Amino acid sequence: MAPKQYAFLPGRPTLWVGIFTVLAGILGCALLVAAAASDDARYAARREAMVRSQIATQGVTDPATLRAMAAVQRHRFVPPSYLSNAYDNRPLPIGYGQTISQPYIVAAMTESIRPRPEHRVLEIGTGSGYQAAILAEIVRNVYTIEIIPELGGTARERLRNLGYKNIEVRIADGYDGWPEQAPFDAIVVTAAAEYIPPPLLKQLKEGGRMIIPVGAPFFTQMLMLVEKKGGEITTRQLMPVMFVPFRRSP
Ligand code: SAH
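Residues numbered from 1 in each chain as written. Predicted model: local features only at pLDDT ≥ 70, side-chain atom pairs only at ≥ 80, totals over all residues. Heavy atoms only, no water.

Caption draft 1: How the structure looks around the site of the ligand. Neighbouring the ligand are 26 residues, the closest being Gly-125, Ser-128, Glu-146, Gly-174 and Arg-247. One of the side-chain N or O atoms of Glu-123 is found 2.9 Å from a nitrogen atom in the ligand. Here the ligand loses 99% of its free accessible area of 580 Å² to cover by the protein chains. Cavity membership is defined here by more than half of the atoms lying within 2 Å of grid points; on that basis the ligand lies in the largest pocket. Among the secondary structure elements, those contributing two or more residues to the shell around the ligand are β2 (98-100), β3 (120-124), α4 (130-138) and β4 (141-146). No other element matches β2, which puts three residues into the shell around the ligand. Here the residues of the shell around the ligand sort into 12 nonpolar, 10 polar and four charged. (Near = heavy atom within 4 Å. Polar contact = N/O pair within 3.5 Å; in protein donor to acceptor, adjacent residues only side chain to side chain. Areas by Shrake-Rupley, 256 points an atom, 1.4 Å probe, with all protein chains shown as cover. 1 Å grid on protein atoms, 1.4 Å probe; cavity = no way out; pocket = protein on both sides within 12 Å on 5 of 7 lines; lining within 4 Å. Sits in = over half its atoms within 2 Å of the grid points. Helix = DSSP H or I, 4+ residues; strand = E, 2+ residues; numbered from the N terminus. Nonpolar A, V, L, I, M, F, W, Y, C, P; charged D, E, K, R; others polar.)

As structure tokens, this is what we get:
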């Protein structure tokens, strides 16, 4: 018996089925890409609004800091259940009792160390990796230390997936700093310490700046700007803040 002919599909039907499948696949991919692009555009608009209403109008003026705050996709650093709050003017939980700081505080701390493209910066308290990403948009190298292994591991993977090649994450007690990479042009501490850890002071370069919340845990602390000049340490109080406690490894 002669093979059945399809009036509308000349030749081999399986070939046409294949072609349709490929075309449908391409169309599907195009739709996904378009959806992702419109998602990115929506978040970019929210970021612009965040910078305008929460940061620039609150006194942060450093152009590099404002650019970094507008560039880093904060929504990629918060848990999925807080996606819709990613650009709100508040800290958000990131698990293990820790938080990603309020955008304004991240910007104010970044600006306070006067970050420059040639700088190497140490951060204590990686958390989500957001502050590290903001710094990495501006400076040459960021070394960041996290004491909770799960948070450090997730942040390391997240930062790698986002393409940051100038951030190194270490899982350790940040009290001791990172002697192998010292001295640093600047140090950013994002957990509240009762006093400034001496190893961090030692690892700060001459002329360098450190920003650190100092005070009793679970109370309001003072954000302190520390400068090392001519071997002397000077400190200045910037503003009251509330950070999670600086812990020590057992
Ligand atoms: N910078 C973070 C926010 C950090 S919350 C961000 O952008 O998301 C403070 C972080 O400091 C927490 O993750 C906490 O686990 C960490 N931490 C507390 N004490 C520490 C220590 N001694 N060494 C390193 N990390 C510490």
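Caption draft 2: Focus on the pairing of strand β1 (residues 92-95). Of the strand pairs in this sheet, β1 and β2 are connected by three bridges, and their pairing is antiparallel. Counted as the bridge partner of Gly-95 is Gln-98 from β2. (Pairing = 2+ DSSP bridges.)

Caption draft 3: Region of interest: the side chain of Ser-101. With respect to the helices and strands, the residue Ser-101 is situated in the loop between β2 and α3 (103-112). Excluding anything up to four places from it in sequence, Ser-101 contacts Arg-74, Pro-91, Val-106 and Phe-243. (Contact = heavy atoms within 4.5 Å.)

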